[in-house]
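This is what each chain is made of:
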Amino acid sequence: MTIDWNAFSPWTALAGGVLIGAAAAMLALLNGRIAGVSGVLGGLLKPKKADRAWRLAFVGGLAGAAVLYALLFGDPEVRVDAGYGALVAAGFSVGVGTRYGSGCTSGHGVCGLSRLSPRSLVATLSFMAAGFATAFILRHLIGL
Amino acid sequence: MTVFAALVAGFVFGLGLLVSGLANPGKVLGFLDLAGMWDPSLVFVMVGAIVVGMVAFPVAHQRTVSFLGSDMKLHTARHIDRRLVAGSLLFGVGWGIAGFCPGPALVALGTGQLKAVVFCLAMIAGMGVFELLEHRRAARAAATA
């Protein structure tokens, strides 16, 4: 393992993390809901229409953040190296997987670990392990 | 009011993802690729978020209604089963392919990149397939009960 010191950005990472935590805290304290992005988005696909408004608002806020960021600081760096076929396969896996696993990086990783939930710890270790393994296989064994 | 709070929360969440670099799949893959040039920044994102969360969630758990008066729906599921692990593994594979998880993908939609749109559509399709299968499973369970 070699640390990429040029890419390493601990302070902005920490600051961004605090903002993410603050957003999760807001949703929990003000609305009594978990800021799990896959759960919030997936709930929009359920037949019952009762709680659609806050879900749409949260998703709109996420997408709107990029627009505000671009106005304030210039275009954010969002580098997508994967090709379209890979993106479709990846998106589908993420969609199915997060719903069966009842959460993603935000719901299990941030909210669940903050609550010291063993269930979320197992989920987080599972998706991290699979992420590390997939990156290793694609980049070093197949050499994409 | 809760809708406005959700909008602001989504907004702050999205800014956090952008500031931290988690919204950039290139940086995320730099973290997931342990064997290459490793970028440990994302560990700091998790630490920052969890420290704040560890202050807020104990307060939230003691309440019966939220500060805006809505019911508290903070998940209390504790069971660890095959669905949880298999689903999370599948999610991790997708994450490792593209470097996008759900939050950053929705944030990237706001940049207007076609690749983000394609990823999000595939992700929503995957979630739709899950709903369909769950619906069928529930129907089967009701038929045999």
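Small disclaimer: the values here were computed from a predicted structure and weren't measured.

Asks: Before we go on, may I ask you to explain the overall build of chain B in this structure?
Replies: Within chain B, the regular secondary structure consists of 6 helices and 1 strand. Ordered by position from N to C terminus, the α and β elements of chain B give α-α-β-α-α-α-α. In terms of overall size, chain B is more extended than a compact globule, its C-alpha atoms giving a radius of gyration of 18 Å where 145 residues would be expected to give roughly 15 Å. Overall size of chain B, expressed as C-alpha extent along the three principal axes, is 55 × 35 × 30 Å.

Asks: Any chance you could explain the overall build of chain A here in plain terms?
Replies: Each helix and strand counted, chain A has 6 helices and 1 strand in total. The linear arrangement of helices and strands in chain A, starting from the amino end, is β-α-α-α-α-α-α. Taking the principal axes of its C-alpha atoms as reference, chain A extends roughly 50 × 35 × 35 Å. By residue count, 56% of the 144 residues in chain A fall in the buried class.

Asks: Mind showing me how you'd approach unusual backbone geometry here?
Replies: If a residue is not glycine, its phi is most likely negative; likewise, a peptide bond is most likely trans. All names here are of chain A. Although it is not a glycine, Ser102 sits at a positive phi angle of roughly 60°. Residue placement: Ser102 occurs in the loop between helix H4 (84-100) and helix H5 (105-114). For Ser102, a count of 22 C-beta atoms within 10 Å gives the class buried.

Asks: I keep staring at the environment of B:Val52 and nothing clicks. Help me out?
Replies: Relative to the helices and strands, B:Val52 resides in helix H3 (residues 41-61). We classify B:Val52 as buried; it has 21 C-beta atoms within 10 Å. When neighbours within four sequence positions are excluded, B:Val52 is seen to be in contact with A:Val18, A:Gly21, A:Ala22 and A:Ala25.

Asks: Before we go on, may I ask you to explain the confidence of the model for chain B in this structure?
Replies: The predicted coordinates should not be examined in detail at positions where pLDDT is low. Mean pLDDT for chain B: 94, with 100% of residues reaching 70 or above. The complex prediction reports pTM at 0.95, with the ipTM value standing at 0.95.

Asks: Can you walk me through the interface of chain A and chain B in this structure?
Replies: It is common to give the size of an interface as the accessible area that goes away when the parts come together. Taken residue by residue, the interface counts 104 residues in chain A and 108 residues in chain B. For the side of chain A that touches chain B, the secondary structure elements donating two or more residues are strand S1 (2-3), helix H1 (10-31), helix H2 (37-43), helix H3 (52-73), H4, H5 and helix H6 (118-141) of chain A. When residues of the side of chain A that touches chain B are assigned to their parent elements, the largest contribution, 21 residues, is made by H1(A). Of the residues belonging to the side of chain A that touches chain B, the class tally is 66 nonpolar, 28 polar and 10 charged. Pairing of S1(A) with strand S1 (residues 37-38) of chain B involves 2 bridges; the strand directions are parallel. Among the inter-strand pairings, A:Thr2 is bridged to a residue of S1(B), identified as B:Met37.

Asks: Which parts of the structure should I look at to understand the environment of A:Cys104?
Replies: With respect to the helices and strands, the residue A:Cys104 is situated in the loop between H4 and H5. Judged by the 30 C-beta atoms lying within 10 Å of it, A:Cys104 falls in the buried class. The spatial distance from the C-alpha of A:Cys104 to the C-alpha of A:Ser38 is 6.2 Å, given a sequence separation of 66 residues. The contact partners of A:Cys104, leaving out residues within four places of it in the chain, are A:Gly36, A:Val37, A:Ser38, A:Thr98, B:Phe91, B:Cys101 and B:Pro102.

Asks: Can you walk me through the nonpolar core in this structure?
Replies: Burial of nonpolar side chains together is a common tendency in soluble globular proteins. Judged by nonpolar contacts, the single largest core of 90 residues is most densely connected at A:Ala23, A:Ala24, B:Ala9, B:Val107 and B:Phe119. Excluding residues within four positions of it along the chain, A:Ala24 makes contact with A:Ala35, A:Val110, A:Cys111, B:Ala49 and B:Gly53.

Asks: I'm lost on H5(A) in this one. Help?
Replies: Since the α-helix advances by 3.6 residues per turn, residues separated by three or four positions end up pointing in the same direction. Of all 10 residues that make up H5(A), 9 are buried, and the element is covered over most of its length. Every buried residue belonging to H5(A) is among A:Thr105, A:Ser106, A:Gly107, A:His108, A:Gly109, A:Val110, A:Cys111, A:Gly112 and A:Ser114, and all of these are buried. On its buried face, H5(A) is in contact with H1, H2 and H6 of chain A together with H3 and helix H5 (102-109) of chain B. Looking one or two residues beyond H5(A), the residue adopting positive phi is A:Leu116, at roughly 55°.

Asks: Would you explain the packing of H4(A) against helix H4 (residues 82-98) of chain B in this entry?
Replies: For any two helices packed against each other, the geometry comes down to the angle between their axes and how far apart the axes lie. Put simply, H4(A) and H4(B) touch, their axes get as near as 7 Å, and they point 155° apart. Overall, the two elements H4(A) and H4(B) adopt an arrangement that is roughly antiparallel. Along this stretch, H4(A) crosses H4(B), giving a crossing that reads as left-handed. Contacts between H4(A) and H4(B) pair A:Ala86, A:Leu87, A:Ala89, A:Ala90, A:Gly91, A:Ser93, A:Val94, A:Val96, A:Gly97, A:Thr98, A:Arg99 and A:Tyr100 from the former with B:Arg83, B:Ala86, B:Gly87, B:Ser88, B:Leu90, B:Phe91, B:Val93, B:Gly94, B:Trp95, B:Ile97 and B:Ala98 from the latter.

Asks: What am I meant to see in the packing of H1(A) against H3(B) here?
Replies: Direction vectors running N to C along H1(A) and H3(B) enclose 25°, while the axes themselves pass 7 Å from each other. With respect to H3(B), the axis of H1(A) lies roughly parallel. The element H1(A) and its partner H3(B) pack so that their crossing is right-handed. Residue composition of the contact of H1(A) with H3(B), by class: 24 nonpolar, 6 polar and no charged.

Analysis parameters
Residues numbered from 1 in each chain as written. Chains lettered and ligands numbered in written order. Predicted model: local features only at pLDDT ≥ 70, side-chain atom pairs only at ≥ 80, totals over all residues. Helix = DSSP H or I, 4+ residues; strand = E, 2+ residues; numbered from the N terminus. Rg over C-alpha atoms; globule rule 2.2 N^0.38 Å. Buried ≥ 20, exposed ≤ 12 C-beta atoms within 10 Å, placed from the backbone. Contact = placed C-beta atoms within 7 Å. pLDDT = per-residue confidence, 0-100. Nonpolar A, V, L, I, M, F, W, Y, C, P; charged D, E, K, R; others polar. Pairing = 2+ DSSP bridges. Core = buried A, V, L, I, M, F, W, Y, C linked by C-beta atoms within 7 Å. Axes fitted to C-alpha atoms, helices over the stretch in contact; angles between N-to-C directions. Parallel < 35°, antiparallel > 145°, perpendicular 65-115°, else oblique. Left-handed = near helix turned anticlockwise from the far one by under 90°.

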